[in-house]
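So the chains spell out like this:
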Amino acid sequence: SVVSLPTSSGAERPRAVSVTFPPFPRAGFYDWILCTQEPNGAAPDGLLNALFDHRRVKGRVIVHPAGVRGDFFMEIPVEQVGATWDENSGELQNRGDFDSVLEVLPELKVRGITGVYLMGSLERSMNERDSSPFSVADRSRPSSRLGGGRAFGNLVHEMRRLNIRAIVDGLERVASASHRKYRKYIVEYRNDHGIICPHPGTDARETQWPDTKLLNYRRVEVWDMMISETKELVREYGVGGIRLDNAQSYPVTLSADLQELLRRDPDGELHHSLDEIFYGQVVQPNSECGYWRSEACMDLNYPNPFLIKYMKEMWNEFPDFVVVAESHFHREVEIVQSGMIAQSLRVPQILASVAGRSLRRDGSVAKIAMNKKSTAKTLTRVLRNDAEYMPKNPIMIQSTCTHSSPYPGGLYGRKSWIVVDLMYLLPGVPMLLFGEDAGRALRLNMMGLSNAEESSAYDVHFDSLLPKSPPKNKNSSSRNSPADGLASMSKSKLIISGSQQSLLGMRRVLSGANMQKMGGAGGMQRVESKSRLSGALKLSRQGSFQDMKKAADEQSNGPTSGGNGAAFKSPALVRTQSKTELQSSSIRSSTASDIRNMNEMNRKIYEEIGPHSGFDLAQIKGHYHHRELVRIESNVLRNGAFSLLSLGAQYSEQFFAFARYTSTAIYIVVVNFRDVQDGEFYKEGKEVDLSLQALADCLSDEMLRNTSALYCLKDTFSGDRRDDKTYTLEEILFRRHRIFVGPLQTVLLEVSQAPEGSSEEHVRQCVNRLSTEANDIKDPRENALLAALTRSAADSVDEFAKALMELYHALLESNFEQHWIEYLLQISLQRASGLRAGVEYEGIEHPKDFAPPEGERIIAYLVQLAMAAADPDVKEAARLLVKKSQKIGPLVFVCPEYGRFSTAGGLGVMVDELTKDLADLGLDVYVISPYYTVNRKNQSGYLEMDKFPWRRNIDVNLGTHMVECGVYEGKEDGVNLIFIERQDYFPKVYADAGSQERLLQTIVLMSLSALEVCCQKGITPALFVTNDWLPSLAAGYGKHGFFGNFFENTTFFHLIHNLGDGAYEGRVYPAPDQGDMGYVHRLPGHMLVDPWWSQKIVNPSRCALMCSDSWGTVSQSYMRELKQGHPLKDLLCIAKAPFAFPNGIRQAHREQLLQTKGAESHDAAKRILQQKYFNFQDIDNSIPLFAFVGRITSQKGVHLILNAADELIQHANGKIQIIVGGPATWSDSYSSGCARHMQDLRRRHPFCFWADPDAFFMDGPLVNLGSDFGVMPSVFEPGGIVQQEFFVAGTPVVAFKTGGLKDTVHEWNTDTGEGNGFTFDNYTHNDFVSAMKRALRVFARKTEYEELRESAYETTIDVSTVAWAWSSEFHRLRGAIYAQSSGISGELEKVARVGSSSAFDPSSVPVRIVWSGPADQVEVLGSFDGWTQRMRLSDDENTNEKSIVLRLPRGEYYFKFKVNSSWCLSNDYEKRHDGQFENNYLNV
């Protein structure tokens, strides 16, 4: 069936295709494809072609054995069970065996354990008693020293009787003294002495094990042998699963040592046989190649062929078999999509880092520096990346420690309790380590723990590895399927969503019981290209053991990935484990001193954790058992899906929040990661601001559409309600919740059904919440009364009238004063109309069951009800609201630069274009800006040249003295322009003030003069918009009595274009004897000076944020960056609903400019560029042309381009051209350094590189059109205009993901044909070069490149869209419904002509009011609604008349027309005197 969304027109647009599969019969890989069906039911003729269409909707479902998602595993080192030591000598007295494990099975069953990993259960070398459990001599036999086959068989038999799955080891390597069957398959290498030796077992990246030997995985016999050995264990003993050690490296394939393999003997014959050469019998040590270094893995993300083969063969014969796969090096994606359950150390490593320790892969632990500690935000970012790249709802192992690491007490200290919580509450299968809950921190058989601060190449610093934010979802404009996360269903529901009505290019996810979806084609087709992830996660830089790409590049002098499978040559970091380390996991004799030392360390850790503070490690077992019971009793925690939740930016470092949910239940988890041990600031708990909106796109449509059910929030641990409040599900999802979380506390809340009889109380609560939160509500679904009003407006006038009265009566019953009731009604209507703008421009979730109503429709309802409502109360309310809810008053923008007069950067361009388009929308717009002595062209008197006359002078008090300023006025493109002249303070834009006092006086002058000129002209602004720091004191003056009550009803809004550093904040640094310089600014000192800062700084931006009613900026990402990391973030978070929208350009004007200053086409412009800058005779379209246009400053990141130029030219064999267009400032060290580099590159590569740092670049439009790619490697870019100038020319962009670039430049996706460029997440050379190379690859595919250009053009943001978005926000702030007059007339006629309606007087009929004379604009005002509202007539398409259709009851009406600006009577209607006035008359 087709799942659709309603639209404002009443039609529905397809959003998804819903397919219900029958229950899957068994575990396995199920590939599917969506195609059309012939009317007779036959398959389409093009089915075969569809199978190979990479943009066809198709994918894969991985179905695991039933019940696996709800399993609970335990890892038991078999030798450890019942092992004892003599405390006096340290000698091992008893070693565990299979029979020892048999004795503990009843306890495990009682605890709910469903699977046991029997670590060390396979046959080991007979030569060494203390050999490592992973030094396996025969992978198909149980260990003789643990009891042999009979004891193992008895153990597994009892486990099966108790429904406990037996899981054994699986290894890709074998012991040095292994079974003879492996002999001919051992791979060899030349050691440092040139002697051929067996290659030790290795992961080829970090570790090799000298007590083992590596098998040759180039031979299919080795693949088959491992599978057959596993099957033998299942057939003979009934083993139910296997844990593959080191699975992230399977199949371990090393680069062939061709120098040795092709060596000839003295007789001239090859020393090695052809068989040995073909199968690479001799390899280069630890030089990874094959699948893991291939393009299939790195770029195309194909599943692992060895693991796929393994899973298919096992599931074909044993459909209930489970494979747990150890995973490191950020290869969980490949593990999961190959059908295995990934066991990763990521979460324990992050949590250990939060606790100040580095947990390394080998289990060793060291203390880390404070600046390297992770935070809750790190974990959030890791799991958010999983959501982007993992198949949906993967099954993974959750654990707290490893068999070679300390227990949680030794890893996390008193944070152990919340770590245990996360193991049970996060999605996945919990796996305990035997003995970890026994109240000890350390044990004998583990790697070392160091309390000294160390730094090692083997430390993992996730904060340096992760990109700053996840990439934009490339598959669809919608975020998730409504079916995502329905983990317990008898049937599986497939939702395939897309951004187009066509099914072409859509991808979506599958979710259901024990299955996970993978996109891509049938068979082993890829899920998602993740070359960016490869750069950001797998191959990050700065000393991490994952960072090996650069080393590989340097050694192989070529690409690190690709079809040739270039070798991974970095043996320097591959460490050989010592004998002690190899034996660390085995149970062996020790010494008495070791035992005493361990006991003493356990005691110290116990005291450090703090039993006196309630953290008694000896009692932690009770905590384990309680959380186990919570999970066992909750289907949601066992099988539910997972979604990260949004916290306020100021909480993201300390708190971690997520939800677990099914189709019927929701749990909310919030964890506080800090307490007093992290600092006195964290001694007490905090209330966090939590949003559940992420769930709105995850829950089922059926659940969301039940808007009448009431819920409450219940504490799952205590069973008590959190408070007495009740909510609808919509309110829970769209409100922000304040939740108190104590230090190191986990809060688990259940969304529970409210008690019977809660509906009346719920209405009262909604009224109270509306009264207290009215100004902060942005989405009407935050309040059930507003949600009902919004739905009714989308439905019909009858439902709207009913909902309006229900809200009106509910407010009356609350005994509010009438003016407050009217205000709340006005706000409610505005929020109902504002939902549409929120959905379109701010990413608010689209309602599932209705289309957000347009403001024009709500106005039409009010107008018609004001005239013809059947209920007098409705008529009275409508007449009251229709006038208040429409127009806002003047908008006043105050800015330091503006348009062609004084623009120095993006601010002047943005305000210029925005204000003009706001004026085009019919708004009354003023701009106040300085009149500088000279403009950007060094011209003086430029206003007089443009005929902007002087109007008056005004006096402004600068504290120490008065100054007189001139005021110049004019009007341009509908915008009223006011310029303030004072040459000694405004010599030129952003001029050096000369002193700190003078700088502050300039700020005071701009702020006060803008307010003063409004007073003198009688302009009462509805909104007063200050732009950046120069006018930033205006809100303080306007709200603190400097102008009486003149600005009492003005909303002050601060628009941030750049808040990058102190200079952009307008900071003033007073001398010690100047105090806070209150003698200049005269405002309360705390408004400008933060007393907690180490240095006294007068900060005008602080005043703007404290005093303005709200603020906004030029991109959503930049807004998030400001709230999370800016020095003023606490003030930025005061505003409940700040606004952000990307910059746009005047598209039609720019396209015309491309023709006049560019060329007629892309090819023509490229020809001119190649001829002008590279001395070509004609165009060479085989050469890609990259171009940068902008200032040569450190912000723009030009050095990345220059440093990469040589490498890119070499990579492309000279078939690449780069233009850097922009002047350098030789007095600036960065700029001059770049300039010299540019000159050198141009000298060495005249046909590949061009730049002229001494000249102003004049060919911007030509470059926008003629280049093949724009390049924008800005370090930070709050908004950005240049990318739009490229897009409008159809030119894709390579950009760093920061600020506005992150919101507007999106990675090209070959599969879906979506995106407009290439992005890089980490600001590094390698990441930038990787993005450029991806661009080169697409350029080489001409058809796809043309699709990319078309897609780039389509993503251009026109400034009219920007104006619409900002106008909607300004209307929201003023409580006014935004509606375009041209659209109201059509809606009025629709409402007037509605059929039978209970909302209208039964006698009412539609009546057309006509003006037949010539006129530009005509309005009518009359007794229809008590002379309340002027209504605009619209043009009649068939005549020259203007008309409006009103619904009028029977009766007599008087009215007049306002034609242009004069009141008139029409000769087409009778004229009568109504008292002392003559009016037109109409009898209905």
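Our subject is the structure listed above.
Since the model is a prediction, treat every value here as computed from it, not as a measurement.

Parameters and conventions
Residues numbered from 1 in each chain as written. Predicted model: local features only at pLDDT ≥ 70, side-chain atom pairs only at ≥ 80, totals over all residues. Heavy atoms only, no water. Buried < 20%, exposed > 50% of the residue type's maximum accessible area, 1.4 Å probe, protein only. Helix = DSSP H or I, 4+ residues; strand = E, 2+ residues; numbered from the N terminus. Pairing = 2+ DSSP bridges. Salt bridge = Lys/Arg side-chain N within 4 Å of Asp/Glu carboxyl O. Axes fitted to C-alpha atoms, helices over the stretch in contact; angles between N-to-C directions. Parallel < 35°, antiparallel > 145°, perpendicular 65-115°, else oblique. Left-handed = near helix turned anticlockwise from the far one by under 90°. Contact = heavy atoms within 4.5 Å. Patch = residues over 30% accessible without salt bridge, like charges linked within 9 Å, V, L, I, M, F, W, Y side chains within 5 Å. Areas by Shrake-Rupley, 256 points an atom, 1.4 Å probe, with all protein chains shown as cover. Lys, Arg positive; Asp, Glu negative; His and termini not counted. Charge placed at Lys NZ, Arg CZ, Asp CG, Glu CD. Phe/Tyr/Trp six-rings, centres within 6.5 Å; stacked < 30°, edge-to-face > 60°. Lys NZ or Arg CZ within 6 Å of the ring centre and 35° of its normal.

**Q** Got a minute to help me understand the pairing of strand β8 (residues 115-119) in this structure?
**A** Consecutive side chains along a regular strand alternate between the two faces of the sheet. The buried fraction of β8 is high, at 5 of 5 residues. Along β8, one buried face is formed by Gly115, Tyr117 and Met119 and the opposite face, lined by Val116 and Leu118, is buried too. Alignment of strand β5 (residues 73-77) against β8, held across 5 bridges, turns out to be parallel. Looking at β8, one finds that Ile76 is bridged to Leu118.

**Q** What is the right way to read the pattern of salt bridges from this model?
**A** Once their charged atoms are close, side chains differing in charge can pair, the charge on each being opposite to the other. All told, the structure shown has 81 salt bridges when counted by the stated rule. Residues Arg791 and Asp849 are paired through a salt bridge, measuring 2.8 Å at the closest nitrogen-oxygen approach. A residue pair is termed long-range when its members are at least 10 positions apart, and Arg791 in helix α24 (residues 784-795) and Asp849 in the loop between α26 (818-841) and α27 (855-868) qualify at 58 residues. For Asp849, a relative accessible area of 31% gives the class partly exposed. Here Asp1435 ties to Lys1442 by a salt bridge, and the two come within 2.3 Å at their closest N and O atoms. Assessed through its relative accessible area of 56%, Asp1435 is described here as exposed. Counted as one network, the salt bridges with shared partners bring together Asp224, Lys231, Arg235, Lys309, Glu313 and Glu317.

**Q** Sorry if this is basic, but what is going on with the pairing of strand β37 (residues 686-691) here?
**A** Sheet topology places strand β34 (residues 646-647) next to β37; 2 bridges connect them, and they run antiparallel. Its bridge partner lying in β37, Leu647 is registered against Leu690. As paired elements, β37 and strand β40 (residues 736-741) share 6 bridges and run antiparallel to each other. In the sheet register, Ser691 faces β40, and the bridge partner there is Arg736.

**Q** I would appreciate a short explanation of the packing of helix α10 (residues 346-354) against helix α11 (residues 376-389) in the present structure.
**A** Interhelical geometry of α10 versus α11 gives an angle of 160 degrees and a closest axis separation of 10 Å. Relative to α11, the element α10 lies roughly antiparallel. In this structure, α10 meets α11 at a crossing whose hand is right-handed. On α11, the residues touching Arg346, Val347, Ile350 and Leu351 of α10 are Thr378, Leu379, Val382 and Asp386.

**Q** Sorry, what's going on with a negative patch on the surface here?
**A** Judged by side-chain charge, Asp1163, Glu1346, Glu1350 and Glu1354 come together as a negatively charged surface patch. The greatest single-element share of the negative patch, amounting to 3 residues, is contributed by helix α47 (residues 1342-1354). Note on placement: Asp1163 falls in helix α40 (residues 1162-1174). Residue classification places Asp1163 among the partly exposed positions, given a relative accessible area of 36%.

**Q** I keep staring at the sheet that holds β40 and nothing clicks. Help me out?
**A** Paired through their backbone hydrogen bonds, the strands of a sheet run either parallel or antiparallel. Sheet architecture is open: 3 strands sit in the order β34-β37-β40, paired in antiparallel fashion. Edge positions in the sheet fall to β34 and β40, since each has one partner strand and no second.

**Q** I would appreciate a short explanation of the packing of aromatic side chains in the present structure.
**A** A ring pair, where both rings are aromatic, is described by two values, the distance of the centres and the angle of the planes. Summed over all chains, the structure comprises 59 aromatic pairs. Ring centres 5.9 Å apart and planes at 85 degrees place the aromatic pair Phe1053 and Trp1366 in the edge-to-face group. On the criterion of sequence distance, the pair formed by Phe1053 in strand β48 (residues 1051-1056) and Trp1366 in helix α48 (residues 1359-1374) is long-range, its members being 313 residues apart. On the accessibility criterion, Trp1366 (0% relative accessible area) is buried. These aromatic residues form a ring-pair network of at least three members: Trp1411, Phe1424, Tyr1453, Phe1455, Phe1457 and Tyr1469. Lying across the ring of Trp209, Arg173 places its NZ or CZ 3.9 Å from the centre.

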